[in-house]
Amino acid sequence: MDPEQNEKDSILDLETEPESLLTLSIDLQQLDGHEWTLQDREERRFPPPSDFLGDLGEQRNRPMPLEHRIPTMTEDVARNALVSFVNSKCCYGNKAAGELVIQDLRQLTLYRYRLETFNESRLSEWTFEPLTSNLVDGPQNGTSPRPWDIKVQTPPLFQDDTRKFRIPHSSLVKACHKCHGHGRYKCSGCQGAGWMRCVSCSGTRQRRKQQRRCQMCSGTGRKRCSTCSGRGNKTCMTCQGEKKLLHFKQLIITWKNNVFEFVSEHQLDFPGELLSKVNGENVFKDENVLVYPIIDFPKPEISLASQRAIAEHNAAFTASSRILQQFSS
């Protein structure tokens, strides 16, 4: 028996096998009370501990008094706004805008309420990489910390970000599920032979019409497989030929700025998508871990919008994530 051929036969033909951890049969690992198994690749979300939540009910029911500082439209303000608009256009002259006589000025006030809630959520999932080191931080080194016990640096407030971290003491070493621990698998192009039939002479070794030796294959009837370069097998791309994989639990932390925006009713013939881009005067602002609803606003709908926004963000984020900061204006 040809030893080389015997070695090739031992290399599995796994070209068509799905790369999935569902094919693994791995015992359940008990890590810090969490039932983590490699057979479950779905992400697991972890709500923050109860001490993070605090007494949200009392804080959110506490209203925020508001000093009425509603700006008044004057002739100078209106003229300056018109001149500023004219100057922003390359082909407009500003003389008419500067000398325009304003006979009637009607003030139409538009109010916008905006709530930003910057929250942090954490989930974990199994992942793997080729085993390239003998140093494995597994359960033998201690108990894995719970997701919310891992200290990380918070990014700048109100800026979205996502970061991934390896959970300490969660690593496991297993044979590669793609090549079954061989490090290589049989080439699907040549079926492990290392060569393929010559396409020029169809394996007959000579050209039919010319009745002479095929020059493409030098009369052998076959050519070296271009897929595996004649080796008959390919390096497993999953384990990079290392034969083993390091499985570990990965913590994914997501910081997201969630925005609630409300615009009061108006009779302006103005595209709604442009309202958020206009300049105006900020009549109030509040920033804290938790902001309070507004009361006694001249437009009751703004007060109601404030209460609704805080209630919605409270319901959406406090149970499944940690609110780091809120800003309302």
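Residues numbered from 1 in each chain as written. Predicted model: local features only at pLDDT ≥ 70, side-chain atom pairs only at ≥ 80, totals over all residues. Heavy atoms only, no water.

- Taking an unreviewed UniProt entry as the reference, the chain is identified by name as Protein SSUH2 homolog isoform X11 belonging to Alligator sinensis.

1. Describing unusual backbone geometry
Inference 1: Phi at His180 is positive, roughly 60°, even though this residue is not glycine.
Inference 2: Within the fold, His180 resides in the loop between β6 (172-175) and β7 (184-186). (Helix = DSSP H or I, 4+ residues; strand = E, 2+ residues; numbered from the N terminus.)

2. Brief notes about the pattern of salt bridges
Inference 1: Per the stated rule, a full pass over the model turns up 8 salt bridges.
Inference 2: For Arg114, the salt bridge identified is with Glu261, shortest N-O distance 2.9 Å. With a gap of 147 residues between them, Arg114 in strand β4 (residues 112-130) and Glu261 in strand β13 (residues 244-263) connect regions that are remote in the sequence.
Inference 3: Residue Arg114 is classed as partly exposed on the basis of its relative accessible area of 22%. (Salt bridge = Lys/Arg side-chain N within 4 Å of Asp/Glu carboxyl O. Buried < 20%, exposed > 50% of the residue type's maximum accessible area, 1.4 Å probe, protein only.)

3. Description of the packing of aromatic side chains
Inference 1: Evaluation of the coordinates by the stated rule reveals 4 aromatic pairs.
Inference 2: Seen from their ring centres, Tyr113 and Phe284 are 6.2 Å apart, and the 10° between their planes marks the pair as stacked. With Tyr113 in strand β4 and Phe284 in the loop between β13 and β14 (286-288), this pair connects stretches of sequence that are 171 residues apart. Neither residue differs from the other here; Tyr113 and Phe284 are each classed as buried.
Inference 3: Between Phe118 and Phe158, the aromatic rings sit 6.0 Å apart at their centres with planes inclined by 50°, giving tilted as the arrangement. Placement of the pair is Phe118 in strand β4 and Phe158 in the loop between β4 and β5 (161-166), with a sequence separation of 40 residues. (Phe/Tyr/Trp six-rings, centres within 6.5 Å; stacked < 30°, edge-to-face > 60°.)

4. A short note on the environment of Gln307
Inference 1: Turning to its location among the elements, Gln307 is positioned in helix α6 (residues 300-317).
Inference 2: Taking C-alpha positions, Gln307 is 5.1 Å from Pro293, a pair spaced 14 residues apart along the chain.
Inference 3: Here Gln307 is in contact with Pro293 and Ile294, once residues within four sequence places are set aside. (Contact = heavy atoms within 4.5 Å.)

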